[in-house]
Amino acid sequence: MRISQTSSSANEPGRTRLLAAVLALLLIAAALFSLCVGASGTSLLTGLADLLRGVSSPAARIVRYIRLPRVLAAMLAGAALAASGVLIQGVLGNPLAGPNVIGVNAGAGFCTLLCACLLPSAAKLLPAAAFSGALLAALIILLLADRMGASRITVVLAGVAISSIFSAGSDLITTLDPDATLGMSAFMIGGFADVSAARLRTAAVYILPALAAALLLAGDLDVLALGDEVAASLGLRVRRTRVLLLAVASVLAGAAVSFAGLLGFVGLIVPHAVRRAVGGEHRQLLPLSMLGGALFTLLCDTAARTLFAPYEVPVGILLSLVGGPFFLFLLLRSRKGARI
Amino acid sequence: MIELNRMTFGYASGAPLIAGLSARFGDGRIRAVLGPNGSGKSTLLRLCARQLTPASGTLRVGGQDAAGYDAKAFARMLAYLPQSRPVPMITVRALVAHGRFPHLGMTRRLSARDEDAVAHALAVTGLCSVAGRDLRTLSGGQRQKAYLAMLIAQDAPHLLLDEPTTYLDIGHQLELCAILRALRDEGRCVVIVMHDLAQALSLADDVLLLHEGQPLYDGPTDGVVPSGAIEQAFGVRPVLRESVQFDTILR
Amino acid sequence: MTARNARDSARRRAPVLLFLLLVLLPAAALGLCDSRGAEIAVQAPQRVVCLYGSYAEAWTLAGGTLCGVTDDAVSERGMTCDAQIIGTTKSPNLELILALDPDLVILSEDIAAQISAAQTLEAAGVPCAAFRVDTVQEYAQMMDVFTQLTGRRDLYDAQIPPMLAQIDAIIAGAKAHEAPTVLLLRAYSTGVKAKGADNLAGVMLEDLGCDNLAERVPSMLEELTLESIVAADPDCIFISIMGSDEDAALAALDASWGQSPAWQALRAVSAGRVYVLPKDLFHYKPNARWGESYAYLSNLLFGE
């Protein structure tokens, strides 16, 4: 009987740490780069210098009120959506699931349209409406699923049903009151152009604790991935854990949608790509996906607002344009090697 | 020790699959649960593992009422390996480490004692050389051994395994049986559902033969053939013949 | 207190009160408010950015200059000025706006993206003024505020009172006629809806004494069917087109209803009294041409 550490198993935690360090460095570099560029060509150094001296020049105001909230918003939304994707994919055991499965986008879209239709002058309420809608849809799905045993297929089917109902509701509102959609197209596609420090603060109050909760629950998610019977045999309360994880995923996605609009792809692709690099253990997958999501969204948003200045490409479009082909590339590459 | 007292359970409304079944599985013994398809073998195991709730009847594990344990305490008492389960994208070492889950505290960190248990489990199953490999890259037999290592790391005095040797080649089957015997010798209560009658009879100390939810035979292995229960359950007759047996080659 | 002491203290207090009154009055007079009721925190802005083309034109009519506009000011309003284009009305580029270091940003209360832009700009210390103009009275109020900011009251006196007088005359003249029944339709890409008095054209029709069938039969506002139009059989039908491709929308309307004999049997259709309203008078704010809009409608309705 020999107890030996093989070289591959010794590298594993080292490789993960290396990847985490690389991602963190890239994220900081991307953040600095994003703070440097903008439609007005303002220099970051000028702005920072003015800020430090307490001078309220245009450069200082641009850095502080426009670029900084935007960079933080992109990183926060990216991290939240990627984490939400990891949790949902883990709970449902399906690497092709994303926050859409739990009806977040459909619910948020419906409630925002409803708010725009009934209270057309209360534009300030729209983010709250989006958040409530996302949580409402997720709550309904969770209640339905919990009542029926919270099995994977139940959650997916409940999600499909609820999403269709909310989408139909949105279409109904559009038909009865076409004017309501006039201001909403930006939200539907998703973007960070409207983000203000106040809105970001409100969302951060929900996102940051939820990210912490997700990190704490990552170990349980690993056990869940072994299958319901094995997980129960190991002493995990399967149903309760599944519902808890989905609830955290809902809060993350809902809060992100409230200020970023209906962004797609981040929650689907980033966990996928990170999984290919570090494997399926959520204790590594989750934090690395948060970093990766923040980086991906930040880079796309920076491109979105600088490529065609002064006009902005909605970042949702850019995410799909980049994310879609990348996803196909992942799929094709995996065919040659081991299965995903 | 696992004690079932007048257990009744049915999947759908209608006639119950198991009605009023009582049995006792002792420590330091390997018990084979045999029976034709649909006789309730896997169901019985799931009932013992608290994965199903009986309509009536009681279950006692380790001398206490099973309902009195919380999830993790019960997991420290009893480990159950189902017949099929998804294969996650993790390493062998990571899988075996999950066996320590019921022993971990809030931080979910492995202590030195947990690491020792993992190392021991890997050694016993002979998987040290592949500990760093992804589960999916292993053969079926090695993967089954990995799951058994996880159960060993769980360090529960009661082990329930549902068809652990089905789909394995003969070499791996014999390895698995050797490991199970070693576990029994440690004083654990090992209960196995098996399809291969001959292998079950050579491995087990006691047999519970189920037929339509009722125990046709409940006792030591050497009594099952003379009892005639096999003919009644399977419609086949055990015949003693000169036949080839297999032994592991020590490499 | 003796009578003499009381007189003395009153004499001492009076100048103070007078002084206070003199100080406060101008401040009260200069408490200009925008459509939100929020006070405009600047008195004589030099660097002004406007996020809505109609209001940009109105600002220049009030004698002001602009350093930043949205692209609809050029593309839709045809304004030629050396202001920088800072994005679109739905998506104004906040960075460019801040880079211009404006004293005041004029924006539309109707557009959600502009309301959130106002939040960010005001947090950054830039005064904002939001306006909503659906009627000529609201236009006059906005011009009142604008001309006080630019200090060109002469422009106000030259433009607004004559226009209001013209409109009053048209409305008075309309009273002499019998109230016609009208239907106001708005054609979208997704369908056609009846509109009441919640938009430019609807208000004007109401002012001219028209009986808007959509107001009388509220169910028509929710659901408009050909049958309900036939049942109502209005004297005139006015159509405004949403969206940029007018011809396509009209063709779609023609294809869906225009071919139907029920439509062709309508009194308004056979009498040739189906009118497509020009965008520059009835969809974009008419601004200085508001009188022209009323005259246009009055001409169509009563032939004068």
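What follows is about the overall build of chain B. Across its full length, chain B carries nine helices and ten strands. The C-alpha atoms of chain B give a radius of gyration of 18 Å, which matches the 18 Å a tight globule of 251 residues would have. Taking all 251 residues of chain B together, 42% fall into the buried category.

On to the interface of chain C and chain A, then. How large an interface is tends to be reported as the accessible area lost when its parts come together. The interface of chain C with chain A comprises 27 residues on the first partner and 26 residues on the second. Mapped by element, the contributors of at least two residues to the side of chain C that touches chain A are helix 4 (94-99) and helix 5 (112-123) of chain C. Residue contributions to the side of chain C that touches chain A peak at seven residues, all from helix 5 of chain C. Grouping the constituent residues of the side of chain C that touches chain A by class yields 13 nonpolar, nine polar and five charged.

Moving on: the environment of Ile239 of chain C. All names here are of chain C. Here Ile239 lies in strand 9 (residues 236-241). Since 18 C-beta atoms lie within 10 Å of it, Ile239 is described here as partly exposed. Taking the C-alpha atoms as reference, Ile239 lies 7.6 Å from Val274; in sequence the two are 35 residues apart. Setting aside anything within four residues of it in sequence, one finds Ile239 in contact with Leu185, Ala187, Val274, Val276 and Leu277.

What follows covers the environment of Leu224 of chain C. All names here are of chain C. You can see Leu224 is positioned in the loop between helix 10 (219-222) and helix 11 (226-232). Judged by local crowding, Leu224 falls into the partly exposed class, with 19 C-beta atoms found within 10 Å. Taking the C-alpha atoms as reference points, Leu224 and Ala295, 71 residues apart in sequence, are found 29 Å from one another. The residues contacting Leu224, other than those within four sequence positions of it, are Val192, Lys193 and Ala194.

Each side of the interface is counted separately: chain B has 30 residues, and chain A has 28 residues. Listing elements by their share of the side of chain B that touches chain A, those giving two or more residues are helix 2 (71-77), strand 6 (78-81), helix 3 (92-98) and helix 4 (112-124) of chain B. Per-element tally for the side of chain B that touches chain A: the top contributor is helix 2 of chain B, with four residues. Here the side of chain B that touches chain A is built from residues that sort into 18 nonpolar, six polar and six charged.

Excluding glycine, most residues fall at negative phi; most peptide bonds, likewise, are trans. Located in the positive-phi region is Arg50 of chain B, a residue other than glycine, with phi close to 65°. By the element assignment, Arg50 of chain B lies in the loop between helix 1 (41-48) and strand 4 (56-61).

A word on the arrangement of the chains. Ranking the two pairs of chains in contact by contact count places chains A and B at the top. The two partners chain B and chain C share no contact, and the minimum distance between any of their C-alpha atoms is 42 Å.

Residue and element names in this part refer to chain C. Read from one edge to the other, the open sheet built from five strands follows the order 3-2-1-4-5, with strand pairing classed as parallel. A strand with exactly one partner marks an edge of an open sheet, and here the two such strands are strand 3 (84-85) and strand 5 (128-131). Across two bridges, strand 1 (residues 48-50) lies against strand 2 (residues 68-69) in parallel orientation. By the bridge assignment for strand 2, Val49 is matched with Gly68.

It is worth spelling out the pairing of strand 8 (residues 189-193) of chain B at this point. Residues and elements named next belong to chain B. Among the five residues of strand 8, five are classified as buried, and the element is accordingly described as predominantly covered. The pairing of strand 3 (residues 29-34) with strand 8 spans five bridges and is classified as parallel. Counterpart to Ala32 in the pairing with strand 8 is Ile192. The pairing of strand 7 (residues 158-162) with strand 8 spans five bridges and is classified as parallel. The partner of Asp162 across the bridge, within strand 8, is Val193. The parallel pair strand 7 and strand 8 is bridged by helix 6 (residues 170-185), and the resulting crossover is right-handed.

Here the focus is the packing of helix 5 (residues 140-154) of chain B against helix 6 of chain B. Residue and element names in this part refer to chain B. For the pair helix 5 and helix 6, interaxial distance at closest approach is 10 Å and the crossing angle is 15°. With respect to helix 6, the element helix 5 is oriented roughly parallel. Crossing of helix 5 against helix 6: the hand is right-handed. Contacts from Gly141, Gln144, Lys145 and Leu148 of helix 5 reach helix 6 at His172, Glu175, Leu176 and Ile179. Taken together, the residues that form the contact of helix 5 with helix 6 break down as three nonpolar, three polar and two charged.

What follows covers the environment of Ala21 of chain A. Along the chain, Ala21 of chain A falls in helix 1 (residues 7-36). Considering only alpha carbons, one finds Ala21 of chain A and Leu288 of chain A, 267 residues apart in sequence, at a separation of 9.6 Å.

All names here are of chain B. Running from N to C, helix 4 and helix 5 cross one another at 140°; their axes reach a closest spacing of 8 Å. In this view, helix 4 runs oblique relative to helix 5, as classed from their interaxial angle. For helix 4 against helix 5, the interelement crossing comes out right-handed. Counting all contacts with helix 4, which are made through Ala117, Val118, Ala121, Leu122 and Val124, the residues of helix 5 involved are Ala149, Ile152 and Ala153. Of the residues in the contact of helix 4 with helix 5, the class split is eight nonpolar, no polar and no charged.

Our focus in this paragraph is the domain arrangement of chain C. Residues and elements named next belong to chain C. Partitioning chain C into structural domains gives domain 1 (48-153) and domain 2 (178-302). On a C-alpha basis, the centroid separation for the pair domain 1 and domain 2 is 30 Å. Listed per partner, the contact involves ten residues of domain 1 and eight residues of domain 2. When contributions to the side of domain 1 that touches domain 2 are tallied by element, the ones reaching two or more residues are helix 2 (53-61) and helix 6 (136-150). It is helix 2 that provides the largest number of residues to the side of domain 1 that touches domain 2, a total of four residues.

Attention now moves to the pairing of strand 7 of chain B. All names here are of chain B. Here strand 7 lies mainly inside the structure; five of its five residues are buried. In this structure, strand 6 lies alongside strand 7, joined through four bridges in parallel fashion. Within strand 7, the residue paired with Leu81 across the bridge is Leu161.

Take the nonpolar core next. Residues Ala80, Ala83 and Leu252 of chain A, Val96 of chain B together with Cys50 and Ile106 of chain C are the most contacted members of the largest nonpolar core, which totals 269 residues. Examining the composition of this core, we find that 22 residues originate from one element, helix 3 (residues 58-92) of chain A, more than from any other. Here this core gathers at least three residues from each of two domains, domain 1 (48-153) and domain 2 (178-302) of chain C. Beyond its immediate chain neighbours, meaning those up to four positions away, Ala83 of chain A contacts Leu211, Ala214, Leu252, Leu286, Ser289 and Met290 of chain A.

How each quantity is defined
Residues numbered from 1 in each chain as written. Chains lettered and ligands numbered in written order. Predicted model: local features only at pLDDT ≥ 70, side-chain atom pairs only at ≥ 80, totals over all residues. Helix = DSSP H or I, 4+ residues; strand = E, 2+ residues; numbered from the N terminus. Rg over C-alpha atoms; globule rule 2.2 N^0.38 Å. Buried ≥ 20, exposed ≤ 12 C-beta atoms within 10 Å, placed from the backbone. Contact = placed C-beta atoms within 7 Å. Nonpolar A, V, L, I, M, F, W, Y, C, P; charged D, E, K, R; others polar. Pairing = 2+ DSSP bridges. Right-handed = clockwise from strand over helix to strand, strands pointing away. Axes fitted to C-alpha atoms, helices over the stretch in contact; angles between N-to-C directions. Parallel < 35°, antiparallel > 145°, perpendicular 65-115°, else oblique. Left-handed = near helix turned anticlockwise from the far one by under 90°. Domains from an automatic or database assignment. Core = buried A, V, L, I, M, F, W, Y, C linked by C-beta atoms within 7 Å.

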